[in-house]
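Topology and contacts: notes
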Amino acid sequence: MAHKPKVMITRKLPDSVLDYLNEHCDCTVWEGQGSIPREELLSVIKDYEGLIVSAGPVNAELIAHAPRLKAVSTVSVGYNHFHTQDMLAGGIIGTHTPYVLDDTVADLVMALMLSSSRRVAELDRLVKQGKWQRGAIKEDQWFGLDVHHTTLGIIGMGRIGEAIAKRAVHGFDMELLYYNRSRKPETEEKFGASYCALEDLLRRSDFVVLMTPLTPETVHYIRKEHFELMKPSAFFINASRGQTVDEQALIEALQSGQIRGAGLDVFDTEPVSPDNPLLKMDNVVTLPHIGSATSRTRYDMAMLAAQNLVGALTGGKAYVVPELQALVK
Ligand SMILES: O=CC(=O)O
């Protein structure tokens with residue numbers, strides 16, 4: 001019988017994904033609560049050739065404990081937990097799950113825009129608290145701001161940025177500005193989008209959506225001086241990674257009224273600390289990092305991560321992250 005690579009799976013996966021993996025690999029699944037403790041992972045990883053994760057650093061420390069490791073597959077599109085220099089030096093292939101979540105994350109970004117500007121979460125709380133009584137509150141106190149026919153600025157025009165652009169331009173008649181490392185002439189044509197400098201985008205947008213991946217270059221990419229440029233009526237939406245924003249500067253911009261509100265799916269520290277001031281603000285919609293969390297998309301991501309791992313271990317097809325593609329050429 002052909003050699004089946006030993007694979008460690010550090011998170012729960014659907015049964016049919018496990019069945020697929022078991023056909024190709026000799027699998028061990030972490031059965032404990034939550035994610036596997038680091039010490040536990042470091043102590044068992046020495047026997048494994050493959051690893052499935054969704055968080056936790058894949059770095060020199062882990063690689064030093066893993067003499068047989070060949071590939072790590074993350075069940076996420078973001079791979080900021082991959083220390084790609086260390087992986088390159090160790091010859092460890094890293095894969096991720098692009099494409100399958102683009103529309104689902106774009107839907108959530110629209111939800112954050114709509115719920116922050118139309119005060120959906122805030123007014124839902126108010127109704128449930130029995131405060132919807134005629135005359136008790138002046139109705140215009142509940143008014144929000146429109147999404148349609150306003151200006152959207154997207155920072156980071158990748159696949160998810162494009163899926164947001166499609167909804168915003170074709171569904172909500174929004175004018176689209178974008179800032180990206182490189183210009184995207186096709187996107188400009190398809191959505192009538194204008195490429196502009198970051199500062200210009202911040203000044204002109206009613207909604208600023210941050211979609212840039214977290215890399216060493218994008219840590220605290222949006223800071224105090226950026227919020228200072230935004231309109232007092234603008235909303236800041238983040239569904240990328242919390243560390244792409246200086247969270248303290250965001251808190252201060254919201255407290256001082258420099259911007260009108262925010263829709264956040266990600267935080268500097270996750271799970272977010274219960275005493276984070278953002279949780280006390282009615283003008284901020286807070287979600288627990290659920291951008292891709294629909295049953296179908298999470299299933300597709302799990303299956304793609306499994307296929308990636310098998311592909312990476314057997315020389316087949318896999319979505320290897322760009323920084324590590326040299327390992328499979
Ligand atoms: O945040 C989710 C992902 O990177 O897939």
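Since we're looking at a predicted model, the values are computed, not measured. (Residues numbered from 1 in each chain as written. Predicted model: local features only at pLDDT ≥ 70, side-chain atom pairs only at ≥ 80, totals over all residues. Heavy atoms only, no water.)

**Details of the packing of aromatic side chains**
Using the criterion set out here, one finds six aromatic pairs in the structure. For the pair tyrosine 99 and tyrosine 319, a centre-to-centre distance of 5.5 Å together with 45° between the ring planes defines the contact as tilted. In this pair, tyrosine 99 sits in the loop between strand S5 (93-95) and helix H5 (102-117) while tyrosine 319 sits in the segment after helix H12 (295-314), placing the two residues 220 residues apart along the sequence. You can call tyrosine 319 partly exposed: its relative accessible area is 28%. A cation over a ring is seen here: arginine 159 above tyrosine 99, with NZ or CZ 4.6 Å from the ring centre. (Phe/Tyr/Trp six-rings, centres within 6.5 Å; stacked < 30°, edge-to-face > 60°. Helix = DSSP H or I, 4+ residues; strand = E, 2+ residues; numbered from the N terminus. Buried < 20%, exposed > 50% of the residue type's maximum accessible area, 1.4 Å probe, protein only. Lys NZ or Arg CZ within 6 Å of the ring centre and 35° of its normal.)

**Quick look at the state of the cysteines**
This model, assessed by the stated rule, comprises zero disulfides. Note on cysteine 27: no disulfide assigned, nearest cysteine sulfur contributed by cysteine 25 at a separation of 5.1 Å. By relative accessible area, which is 18% here, cysteine 27 ends up buried. (Disulfide = S-S within 2.5 Å.)

**A few points about the site of the ligand**
In the region of the ligand, the neighbouring residues are Ser76, Val77, Gly78, Leu101, Arg241, His289 and Met301. Here an oxygen atom of the ligand and a backbone polar atom of valine 77 are 2.8 Å apart. A distance of 2.8 Å separates an oxygen atom of the ligand from a polar side-chain atom of arginine 241. Contact with the protein chains hides 86% of the accessible area of the ligand, taken as 190 Å² for the molecule alone. (Near = heavy atom within 4 Å. Polar contact = N/O pair within 3.5 Å; in protein donor to acceptor, adjacent residues only side chain to side chain. Areas by Shrake-Rupley, 256 points an atom, 1.4 Å probe, with all protein chains shown as cover.)

**Side note on the domain arrangement of the protein chain**
According to the domain assignment, the protein chain consists of domain 1 (6-99 + 295-328) and domain 2 (102-286). Computed over C-alpha atoms, the centres of domain 1 and domain 2 are 32 Å apart. Facing the six residues of domain 1 at the interface are five residues of domain 2. Between domain 1 and domain 2, roughly 580 Å² of surface is buried when both sides are summed, and carbon and sulfur atoms account for 45% of that area. The largest per-residue losses of area from domain 1 upon contact with domain 2 belong to Asn80, Tyr99 and Thr297, which jointly make up 73% of the total buried on that side. Inspection of the domain 1/domain 2 interface yields zero salt bridges. Our count for the contact surface shared by domain 1 and domain 2 stands at three residue pairs in polar contact (both at pLDDT 80 or more). Partitioned by chemical class, the residues of the side of domain 1 that touches domain 2 number three nonpolar, three polar and no charged. (Domains from an automatic or database assignment. Contact = heavy atoms within 4.5 Å. Buried area = accessible area lost by both parts, 1.4 Å probe. Salt bridge = Lys/Arg side-chain N within 4 Å of Asp/Glu carboxyl O. Nonpolar A, V, L, I, M, F, W, Y, C, P; charged D, E, K, R; others polar.)

**Some thoughts on the nonpolar core**
In this structure, Leu21, Met113, Leu152 and Ile164 are the most contacted members of the largest nonpolar core, which totals 74 residues. No other element matches the nine residues that H12 contributes to this core. Split by domain, the residues of this core number at least three in each of domain 1 (6-99 + 295-328) and domain 2 (102-286). Not counting residues within four places of it along the chain, the set of residues in contact with leucine 21 comprises Ile9, Leu13, Cys27, Ile52, Ala306 and Val310. (Core = buried A, V, L, I, M, F, W, Y, C linked by side-chain atoms within 4.5 Å.)

**A short note on the sheet that holds strand S4 (residues 71-74)**
In a beta sheet, neighbouring strands are held together by backbone hydrogen bonds and run either parallel or antiparallel to one another. Spatial ordering of the open sheet is given by S2-S1-S3-S4-S5, a layout of five strands whose pairing is parallel. The outermost strands of the open sheet, each flanked by one partner alone, are strand S2 (26-29) and S5. Averaged over all neighbouring strand pairs, the angle between strand axes comes to 15°, with direction disregarded. Bridge count for strand S3 (residues 50-53) against S4 is four bridges, and the pairing is parallel. Counterpart to glycine 50 in the pairing with S4 is alanine 71. (Pairing = 2+ DSSP bridges. Axes fitted to C-alpha atoms, helices over the stretch in contact; angles between N-to-C directions.)

**Describing the environment of tyrosine 299**
Residue placement: tyrosine 299 occurs in helix H12. For tyrosine 299, the residues in contact, after removing those within four places along its chain, are Pro14, Ser16 and Val17.

**Some words on the sheet that holds strand S9 (residues 207-210)**
Taken in spatial order, the seven strands of this open sheet run S8-S7-S6-S9-S10-S11-S12, and their pairing is parallel. The strands lining the two open edges of the sheet, one partner per strand, are strand S8 (194-195) and strand S12 (284-286). Note that strand S10 (residues 235-238) and strand S11 (residues 261-264) share four bridges and pair parallel. In the sheet register, phenylalanine 236 faces S11, and the bridge partner there is alanine 262. Of the strands in this sheet, strand S6 (151-155), S9, S10, S11 and S12 are in contact with H5, which crosses S10 at around 150°.

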